[in-house]
Structure formats: structure tokens, C-alpha cells
Amino acid sequence: MSQLRVLASLLRGGCAGRNQWFRGCGGVPARRCWADPSRRGCSSSGSAPVPSALASSSTYVEEMYYAWLDDHKNVHESWDVFFRNIQASSPPGEAEERRPSTLLRGRVLSHSPGTAQKVVEDHLAVHNLIRAYQVRGHYAAHLDPLGILDTDLDSFVPSDLITTIDKLGFYGFDESDMDRTFQLPPTTFIGGDSATLPLREIIRRLESSYCRHIGVEFMFINNVDQRQWIRQRFETPGIMQFTNAEKRNLLARLVRSTRFEDFLARKWSSEKRFGLEGCEVLIPALKTIIDTSSAAGIDSVIMGMPHRGRLNVLANVIRKDLDQIFCQFDPKLEAADEGSGDVKYHLGMYHERINRGTDKHITLSLMANPSHLEAVDPVVQGKAKAEQFYRGDTRGKRVMSILMHGDAAFAGQGVVYETFHLSELPSYTTHGTIHVVVNNQIGFTTDPRVARSSHYPTDVARVVNAPIFHVNADDPEAVMYVCRVAAEWRTTFNKDVVIDLVCYRRFGHNEMDEPMFTQPLMYKQINRQVHVLKKYSDKLIAERVVTLQEFEEEVAKYDKICEEAYTSSKDEKILHIRHWLDSPWRDFFTAQGEPKSMSYISTGLEEEVLQHIGQTASSVPLQDFRIHPGVSRILRGREDLVKSRQLDWALGEYMAFGSLLKDGIHVRLSGQDVERGTFSHRHHVLHDQEVDKRTCVPMNHLWTNQAPYTVCNSSLSEYGVLGFELGFAMASPNALILWEAQFGDFNNTAQCIIDQFISSGQAKWVRNNGIVLLLPHGMEGMGPEHSSARPERFLQMSKDDPDHFPELTGDFEVQQLYDCNWIVVNCSTPANYCHVLRRQILLPFRKPLIIFTPKSLLRHPDARSSFDHLAKGTKFKRLIPDEGPASQSPGQVKRVIFCTGKIYYELVKERKRQNMEKDIAITRLEQISPFPFDLVRAEAEKYADAELVWCQEEHKNMGYYDYVRPRFLTVVANKKPVWYVGRDPAAAPATGNKSTHLNELKRFMDTAFNLSAFTGKDKQ
Ligand SMILES: Cc1ncc(C[n+]2csc(CCOP(=O)(O)OP(=O)(O)O)c2C)c(N)n1
Ligand SMILES: [Mg+2]
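Residues numbered from 1 in each chain as written. Chains lettered and ligands numbered in written order. Predicted model: local features only at pLDDT ≥ 70, side-chain atom pairs only at ≥ 80, totals over all residues. Heavy atoms only, no water.

A. Quick look at the coordination of the magnesium ion (ligand 2). The coordination sphere of the magnesium ion (ligand 2), as far as protein atoms go, consists of Asp407 (OD), Asn440 (OD1) and Ile442 (O), spread over 2.0 Å. The motif formed by the donor residues of the magnesium ion (ligand 2), counted along the single chain, is D-x32-N-x1-I. Under the relative-accessibility criterion, Asn440 is labelled buried at 5%. For Ile442, a relative accessible area of 3% puts it in the buried group. (Donors = N, O, S within 2.8 Å, 3.2 Å for Na, K, Ca; no water. Buried < 20%, exposed > 50% of the residue type's maximum accessible area, 1.4 Å probe, protein only.)

In C-alpha cells, the structure reads:
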């Protein structure tokens, strides 16, 4: 039995899909939507003695039958004969019943056993064949311009594609069947206006649709309408047509793209630029996406891309002035801005202009990015989401993102997957991203066969049901077509889509590299490869779309533009990174990009505001909303606190968020389980216990004209989500954007965002960012994990000078914040936590803020603040001095213990227990970095005769010690030692053994209160 017979018996269960399609024809040309859904039952033939192949395909037979009933010409004549025979022999009345399964019952065998079965099976075979091309046609497509590599890493051609005539046998056919005509199923558009086609033509059209220069992967998409939409775009005969004007435009864009790289190569032959040669078509591809999207209403496009072709995109897509690009190659250019700056192929850009293709206004921005491939993906998404949010673009109809990728990075970097998984989440979706892969079939020197395990570099996109259009980049018209379809796909379905530009890299990884060392045969072929511009111009000249002279004029015109820009670029003497800003905040800064003042108003609040927020935080603002009794208890507890004018941690946070919302500041808190709070203390989203998915966010019921509060549980990702929030925070300075790690130590899976963007972003790209990281931290006997948010790492990356005592000007506090790269705090009170969050927004500039947040302190009865500490006129305390007996008579104090965070409460308890409140002062450092030199000096001078101790609960090689020690020594001008009290050095952040944990604590507490512990030692 041929394999077809097996396949035929497998063709069951199409009912759901078909019915859905019949029902869901809306929006898709209803060429085959002939049936009344009510007549299209999915009945089987039950126990009737219909031959097995027919029984299993009764739906198919029914389709044929209904088509035949509508019009006998709808079906092939063999079917016509078949149904006529059955109807003619039906008892009177039965034929009117019009259910073929009934009509067939007991009749097929007796009327035309062999013929009927063969007819059905042959039709099924054809349908299978069509489906095979739709599913696997891309494996046989000619995607590689070099013609030597298998883009899918596999030279195997699926056995069910008819690449040679003998493969017809797979379907039980031979050459003699090639001119037989078959009825086409409703799941294909290859017929155009005809419902039937000869087998030869069916195969030809399928090859043309799926096996030429475009390979379409879409059959894994489980939405039938979407699949049908794609089929229509790729199967309809003659659909890929371009006008002569479009072809000329395409050629002109290719000229620019190609000649730009040629120009750079000529002028700066030994400079790294990561040229686009071999994928010049990227430029017209992006322009087509932008034109099509602009025509559909998009007026802001946010892009992220790697090194390859970046300068070309800046020049020919974003339209950065060419002289500004060329002057970047001048080594004598002096930097005008502070900070490190960055190499030219990492810089970003923001440009508002008229899109020539549509004559509509458009803003294009390319995000600055580090070398770390794909790291910018979630950042772009976050920024796009924020722009959509602030513009009320709830469906992504005005703002969109485009992400470009290299083939090796797209397959290899996990953040790509994390970003895809954000694409459909309500609080993270950007309503469809167009991904463009520059698939040059190599990553630096590495062959794809050892760089990925999937067929294509794009397989990762399948997880979100994104269609993938592979296209041979040496066929510019095919590229244009898929770009247009991709943009239309986004407009229609607001879902992600991938364009895989299968190309080659004409030179080495960069202009200095020798590719023949590692890819000799590939590069022999590349050296023979005719340039795409030559191929396409020859084609258009042969088609008489342009003349040779017109083409040469176009080239000369662009070369002249480059030459002129080159001449004027020589006048540039100074490099302004500021001109390469990707996210300008125009009204926030002065025209020169400076803060409008160097002070900030008090972060304190009116009593009524505190009361009002406190009451809302303790109540359920919706009627008939039944909350869990445990939550009720928590709200009652809050109510009691508010009545006694007290704050716990959750209330402190409420006060900060609520008061900023009142002032029109959008607040967004994102991270794993943030809605409830990992430690069940927050409860910002209440859940009705009786109505599924009914929720209430009291923070959004505070004031009538308040800004919105967004609190969203994220996917289980740190790299992706932190990158996303960082991008969100770029869109506007008037928003407090917070990312909370479930436990602080999980920040290390987002290390790249922290190192490459948060700590160094301003230095490299002169852009401010006020993102807040909430990192639960504290040694609570919970084991090596979940104890440390690794303060040492953040502090090590803080740029304030440990050895230099700064000049204390009047606005020192603000100036110090302005000069730093980020702010690191560990607050010990809810009031101070509230103040530092409010200060973040009230400052006239933005800096990232890292907060080590508590766990046990969330409910610690001593870790509460009075409303007085938030009253008008109060502010964030960078340092909280001792206010007890020691501070009354500082001359008697023997030791000052400086500490930060939760250990303060343990120290105070122990001091009391040992009755040493006059002997030992305990001072809390709340802002660790930038280091409050001024306040620490005041404390050190106050207790001039006392020993200085730094006490921390973390191990000695971790926590804060390495950061604070040299700064303390600078404060005391190296005249006194700073003694360390804390855990010994260790490899793991904490012990897994509870009793060891407690013993360690006891040991260092004993040292802290042993006044002779350091006697006789002169330094540590
Ligand atoms: C995260 C990361 N790891 C390693 C590198 C070093 N690197 C730079 S380019 C490159 C190859 C990239 O290949 P591909 O993504 O295919 O882009 P192409 O250069 O071919 O355009 C590598 C490994 C990097 N930049 N980023
Ligand atoms: Mg590559």
C-alpha cells in the first residue's frame, strides 16, 4: 500500500478546523466559503458499511457534495458522476435529505466500489500534497544566494514534495496522472478563480508559491484565519507584482545602501564599520516596512539592531546627516560631553521627519546599545510599550518596534526567547514586533552547524506563533514582498512576525578580518558572487524599467552626496554625543540638555494626603467586592496603623506611590509576583473571592485626576523584564518605573542590563534613566540563595572616588547625586523608603536607584515610622545619626558603630541588653552611594574620641565593607582605623545551616559590643 493510503486514513478530525474556517471567513476573501455552516456538520458515517477510507473522510466527501449541490460544475466530473449515480438510485425523499453520509450508507460498495474509493483517495492525495507544500515547501526553497549552503542546515528534501517525477509515487500517482484535474480544497488559493486544476499545474503553482525565493513557515500557527490570510498572500496567482515606479524606487534604495558602504570602504579602508555588504537589501527592506506601516497609521518606529549595517541604517533609513556620520571616523575629533562616549556603531539616534513614501510625519529612533548582542531587544520593547501607553495607543496602531538580529545571536541568546515571551502579555505587549534577521549564515568565524541546533536561526519565534518569512536576499523584489506582507500582518493581527533575510557576508566579521582562514570554500563562492545591485540593475535594464544611463546617474547622484558630506564633515572639530541621543526629554532639561535647577523640593507630605492614602490602602473601594479574610485582616491592621499615625513598609510604599500619582506621575511596578508581593505584604491587587478574575487596584481609586498606577506580575524572567522596564523608563522622566526582583540575588540573571545599561548607560550615551531596582536582601538563615542581593557588586560599579574628600558646596547633596552613575540605598525605616522614592522623581535629573529592601523588617514592630517622619518639610535622610543617650554625651562614647539596613535593629537590641547605650553610638548609613562624606565626617567629628566600627551581617568580602572602608579612611584622613565587625570571608553568601547562621551572628555581635576587641591592634 502506498504511503498515501496511510495518510488518507489519517485525514480525520479536520472538522473543528474546517468549521472554524467556514465560520471565520471574515476578512479573508471568501472564495471557497460556499457552505452554510449549519449544513456542515461533522457527522461521521457511524456504523454504516462505507469503505474505511471513505468513512474516515466523510467530511471531505460532504464538502464535495455540498459544492456539487450548489453547482454541479463546482466539482470534477468524476465527482459529478459519482453524486449523480448516488442520487439517482436513492429512494424517493432520501436525496432531499442531502446528507452524503446518509446517502453513501450502504451504497458505495454496491454502486461503484473501486472507482469511488480511487476518486476519493486521489483527491485526498492531492489535498495532502497541497498541505505538504504549505507545511514543508520552505525546505525546498532556493533561499541561499550562494547556492552552496543549506539554509535549514539540512540537504534533505522532504519526500512528500514533488521535486522529481518519481516522487509522485508517494501519493499513489504516476506521470499519467499529471493532466488529471482535481478539485481544490478551501485551504488553498493556488487556483485563483478556478476551483479545479490539473495536477501538473497544482504542483507548478505550489512550487512557485513555496519553493522559489521565499520560504514561508506558518502552518504551526494555530489560528485558522491567520493561516488562511498567509496562504492568500503567497498562493494567489500573480500576487507578487510591482509597478515600474516601485521597482525604480527599490533600485534607488539599493544604490544608496550599496554605494554608502563602498564610500566608507574607499575613504576608511582600515576602519571597523561592520559593513552590510552581502545584505544591502536590508535598507530597502526596512524602508518598505516603514512605508507600509506608515500608510497604515504608524507615526513612530522604535528600532533596535546589532553592529552589522548600523551606520547604513542611520544614514539611509533614519537619515542621520551623512557628515555627522563621516566625522565619527576622524580620530582627532574632541569629545564635548562628559562620560566615556561610545564607538560609532553603538550610538543611537532619534529623528522626526516626513516619510517620503507616504508623505506622512514619522519619528524614527534607533536605540543605543552595547556590544552584547540582543540585549537591546527588551529595552526597545519597553520603550515602545511606554510610548504606546503615554499616547493612549492601546492597540499599537501608532507606535511600533522593529528589531534586527544576526543569525548567530538570534539563535544563541536566551534574551531573544525571553523577549518573545513578553510579546503577548497584557502589560508588556507592543502589539506586534517586526523582526528582521540578517542571516549571513555565519557568526564571526563560526559556522551555523556548530552554532545552533535548530533548522533555522529563527525557530525561536515559533513559540509565539509568529509567521516566519525566509527570503533569498539576492532577490530584492521577493524581499520587498515579504516586508510588505510582514507589515500588513502586524497591522491586521498585531502579532510578531519574522523576516529572515538569507544573505552572505562579503568580507570578514569586520573589515580587518580574514574570512578565508576559516571559511575558505564559502569565501571562494562569495568572491565569485555578482553584487545584488548589479544583478537587479541588469534585470531592470533588461525589463526596460530603467536605462543604463538612468541607473548610472542615480549612482553618480548619490556618490556626489557622499563626497559633499565628506567635505563638510572635515569642518567638525568636536564630537557631541548629545546629538546621538535616542530618547530626548525636551521639556525636562534646558535646551542645552542641562537640569533646570540643582535643588529639589521637600519630599514631605501634607497630613490629609497621608490620611487619605492610608485610608485607601486599608479599604476596598469597590462595592460588593469580597476579599479573602486574610487580606481583610491585613487591611484592618493597616487601618489601625493609620489611626495611630504609623507606617509599616507597605504603607510607606503606598504613601510614595499614591502621592506621586496625585501629582500626575505614572507609577509602574513590575516583576515576579509584585501584585501581591513575594512576602505577601503588598496586596496592590485585590481579588474577588467569588467572581473569577474580578480584581481591584485601590491605588487607582485615590484621586479623580490622578495618574494611572500599573502594577504587573511579570513572566519569570529577569534579563528580559528588567531590560523592558529600563526601556519603559526611557520614554518619560515623569514616571516612576520600578522593577522588583523576587529575591535580590536573582538580579544576576539580568547582569547584562545592569552592567551594560544601568550603571554605564549615561556615560556612554548621555541619557538619563530613573529606573528603580527593588532588591530584597538580608541574612535571615534562609541559606546561600535568597540572602544577598550582592551589594558589593553595585557598589564596586559606583563611580565616586574613595580617596578624595569632595568639596562641600551648598548643594552638595544634589551635586553628588548629579555626578554619580547610580544611587545605592538601604533604608531602615518605611518613612525613609517613601522619601527616597519621592526624591527620585522630585530631583531635576534622573539616576538609576538601587534599593536593598527588607524581608523580615516588612513586619518588624520596631521598623515603623510615625507620620511625623513624612510631614511637610521632612526629607530623605542619607544618614540617621544616633539619637539616644550616646548622642547626648558624645565625649563619653567609646565606639561608633556605622551600619546599614536590618542589622541596625539587632545592634540596638543587643546594646540595650548589654546596657551600653551611653558607650556605643549606632549610626545608620541609608544612602551608601554616593557616599555621604559630609554627614559621616560630622558623625566622626562628633565622636572624635570613639573607635570607628563598620558592622555588617554579610561576609567580609561581600556587602558594603570594601566600599565604605576607604571612604571612612578618607573622612578621617587615615588618622584612625575603621574596624570591621561582621562575618568572615566566605565563598557562598550565606550558610545553609540555621544554627551556624545564629552562631555567626552571636560571634560578631559579641565583637561589636566588646570594647576591648581591638585593643592593642593598630590596624586591621
Ligand atoms: C552576547 C555577545 N556575545 C558575544 C559577542 C561577540 N560577537 C560579536 S559579533 C559575533 C558574531 C555575531 O554573529 P551574528 O549574530 O550572526 O551577526 P553577524 O556579525 O554575522 O552579522 C560575536 C560572537 C557579542 N557581541 N555579544
Ligand atoms: Mg551572522
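B. View of empty space enclosed by the protein. Scanning all chains against the criterion turns up ten cavities of 30 Å³ or more. In this model, the largest cavity occupies a volume close to 110 Å³. The wall of the largest cavity is formed by 18 residues, among which His777, Asn826, Thr900, Gly901 and Lys902 lie closest to the centre. Going through the elements one at a time, strand 21 (849–853) and strand 27 (947–955) are the ones with two or more residues in the lining of the largest cavity. When residues in the lining of the largest cavity are grouped by element, the largest group, five residues, is from strand 27. (1 Å grid on protein atoms, 1.4 Å probe; cavity = no way out; pocket = protein on both sides within 12 Å on 5 of 7 lines; lining within 4 Å. Points joined across faces, edges and corners; volume = space filled by probe spheres on them. Helix = DSSP H or I, 4+ residues; strand = E, 2+ residues; numbered from the N terminus.)

C. A look at the pairing of strand 11 (residues 497–502). Among the six residues in strand 11, six count as buried, and that is most of the element. Pairing geometry for strand 9 (residues 433–439) and strand 11, over six bridges, is parallel. For Ile434, the partnering residue across the bridge sits in strand 11 and is Val497. Across five bridges, strand 10 (residues 468–472) lies against strand 11 in parallel orientation. Residue pairing for strand 11: His470 is matched across the bridge by Asp500. Read as a crossover between parallel neighbours, the route from strand 10 over helix 19 (residues 476–493) to strand 11 is right-handed. (Pairing = 2+ DSSP bridges. Right-handed = clockwise from strand over helix to strand, strands pointing away.)

D. Examining the packing of aromatic side chains more closely. This model, assessed by the stated rule, comprises 42 aromatic pairs. Between Phe234 and Phe469, the aromatic rings sit 5.2 Å apart at their centres with planes inclined by 50 degrees, giving tilted as the arrangement. Remark: Phe469 occurs in strand 10 and Phe234 occurs in helix 11 (residues 224–235); sequence separation between them is 235 residues. By the burial criterion, Phe234 is buried, and Phe469 matches it. Taking the centre distance of 5.5 Å and the plane angle of 80 degrees together, the rings of Phe931 and Phe968 count as edge-to-face. With Phe931 in the loop between strand 26 (927–929) and helix 34 (933–942) and Phe968 in helix 35 (residues 961–971), this pair connects stretches of sequence that are 37 residues apart. For the residue pair Phe931 and Phe968, the accessibility class agrees, reading buried in each case. (Phe/Tyr/Trp six-rings, centres within 6.5 Å; stacked < 30°, edge-to-face > 60°.)

E. The packing of helix 34 against helix 35, seen in detail. At a minimum axis separation of 10 Å, helix 34 and helix 35 run at an interaxial angle of 60 degrees. In terms of their interaxial angle, helix 34 and helix 35 are classed as oblique. For the element pair helix 34 and helix 35, the recorded crossing hand is right-handed. Along the contact surface, helix 34 presents Phe933, Val936, Arg937 and Ala940, while helix 35 presents Arg967, Phe968, Thr970 and Val971. Taken together, the residues of the contact of helix 34 with helix 35 break down into five nonpolar, one polar and two charged. (Axes fitted to C-alpha atoms, helices over the stretch in contact; angles between N-to-C directions. Parallel < 35°, antiparallel > 145°, perpendicular 65-115°, else oblique. Left-handed = near helix turned anticlockwise from the far one by under 90°. Contact = heavy atoms within 4.5 Å. Nonpolar A, V, L, I, M, F, W, Y, C, P; charged D, E, K, R; others polar.)

F. Quick peek at the packing of helix 12 (residues 244–267) against helix 13 (residues 282–295). Here helix 12 crosses helix 13 at 130 degrees, and the two axes come no closer than 8 Å. By the angle between their axes, helix 12 is oblique relative to helix 13. Listed contacts from helix 13 to Leu250, Arg253, Leu254 and Ser257 of helix 12 are Ile283, Pro284, Lys287, Thr288 and Asp291.

G. Quick peek at the pattern of salt bridges. Scanning all chains against the criterion turns up 54 salt bridges. The shortest N-O distance in the salt bridge between Arg682 and Glu740 comes to 2.8 Å. Note that Arg682 is positioned in the loop between strand 14 (666–671) and strand 15 (686–687) and Glu740 in strand 18 (residues 735–740), a separation of 58 residues in sequence. Take Arg682: its relative accessible area is 1%, and that puts it in the buried class. The exposure class of Glu740 is buried, given its relative accessible area of 7%. Across the salt bridge formed by Lys902 and Glu953, the nearest N and O atoms sit 2.7 Å from each other. Note that Lys902 is positioned in the loop between strand 24 (895–899) and helix 33 (903–913) and Glu953 in strand 27, a separation of 51 residues in sequence. Overall, Lys902 belongs to the buried group, its relative accessible area being 11%. Several salt bridges share partner residues, and in doing so they unite Lys118, Asp122, Asp177 and Arg180 into one network. (Salt bridge = Lys/Arg side-chain N within 4 Å of Asp/Glu carboxyl O.)

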